[in-house]
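The lines below spell out each chain.
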Amino acid sequence: GVQWAQALGLLAEMASARVELDTITYGAGVSACGKGGQWALALGLLAEMASARVELDTITYNAAVSACAKGGQWAQALGLLVEMANI
């Protein structure tokens, strides 16, 4: 249950150590948040990726859609599917 918090902590440590976060590291964070039921945090990471100009790939979108679905956020999940169709 707390893996999402550990994943976010690790991402923060990497960023503060000036390690470049990429699609894979962000995707792992999105996935961990989804598995922990933290759909809002997963969407926050997705937005952070976009603002950092990190490539949003199908795997990361899928993890975010799953996070929203798990949290009962169907409108958010459908919105992500529409966005994903445009990448």
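In short, a report on the structure. (Residues numbered from 1 in each chain as written. Predicted model: local features only at pLDDT ≥ 70, side-chain atom pairs only at ≥ 80, totals over all residues. Heavy atoms only, no water.)

Structural notes on the environment of Val65
Next, step 1: Looking at where Val65 falls in the secondary structure, it is placed in helix H4 (residues 58-70).
Next, step 2: Overall, Val65 belongs to the buried group, its relative accessible area being 13%.
Next, step 3: For the pair Val65 and Lys35, spaced 30 residues apart in sequence, the C-alpha separation works out to 12 Å.
Next, step 4: Among all residues touching Val65, those that are not within four sequence positions of it are Ala77, Leu80 and Leu81. (Helix = DSSP H or I, 4+ residues; strand = E, 2+ residues; numbered from the N terminus. Buried < 20%, exposed > 50% of the residue type's maximum accessible area, 1.4 Å probe, protein only. Contact = heavy atoms within 4.5 Å.)

Thoughts on unusual backbone geometry
Next, step 1: For Arg18, which is not a glycine, the phi torsion comes out positive at approximately 65°.
Next, step 2: Counting through the fold element by element, Arg18 comes out in the loop between helix H1 (3-16) and helix H2 (23-35).
Next, step 3: With a relative accessible area of 76%, Arg18 lands in the exposed category.
Next, step 4: Its identity as a non-glycine residue notwithstanding, Arg53 has a phi of 60°, on the positive side.
Next, step 5: For Arg53, the position within the fold is in the loop between helix H3 (39-51) and H4.

Focus on the packing of H4 against helix H5 (residues 74-85)
Next, step 1: Contact pair H4 / H5: the axes reach a minimum separation of 8 Å and the direction vectors enclose 165°. Classified by the angle their axes make, H4 and H5 are roughly antiparallel. Seen along the crossing, H4 lies across H5 with a hand that is left-handed. Contact with H4, carried on its side by Thr58, Tyr61, Asn62, Ala64, Val65, Cys68 and Ala69, involves Trp74, Gln76, Ala77, Leu80, Leu81, Glu83 and Met84 of H5 and no other residues of that element.
Next, step 2: Residue classes in the contact of H4 with H5 are distributed as 10 nonpolar, 3 polar and 1 charged. (Axes fitted to C-alpha atoms, helices over the stretch in contact; angles between N-to-C directions. Parallel < 35°, antiparallel > 145°, perpendicular 65-115°, else oblique. Left-handed = near helix turned anticlockwise from the far one by under 90°. Nonpolar A, V, L, I, M, F, W, Y, C, P; charged D, E, K, R; others polar.)

Considering the packing of H3 against H4
When two helices pack together, their arrangement is given by the angle between the helix axes and the distance between those axes.
Next, step 1: At a minimum axis separation of 8 Å, H3 and H4 run at an interaxial angle of 155°. If you check the angle between H3 and H4, you find them roughly antiparallel. Where H3 crosses over H4, the two elements pack in a sense that is left-handed. On H4, the residues that touch Trp39, Ala42, Leu43, Leu46 and Met49 of H3 are Thr60, Tyr61, Ala64, Ala67 and Cys68.
Next, step 2: Looking at the contact of H3 with H4 residue by residue, the class counts come to 9 nonpolar, 1 polar and no charged.

Quick notes on the state of the cysteines
When the sulfur atoms of two cysteines share a covalent bond, that bond is a disulfide.
Next, step 1: One pass over the structure, following the stated rule, counts 0 disulfides.
Next, step 2: The thiol of Cys33 is unpaired, and the distance to the nearest cysteine sulfur, on Cys68, comes to 11 Å. (Disulfide = S-S within 2.5 Å.)

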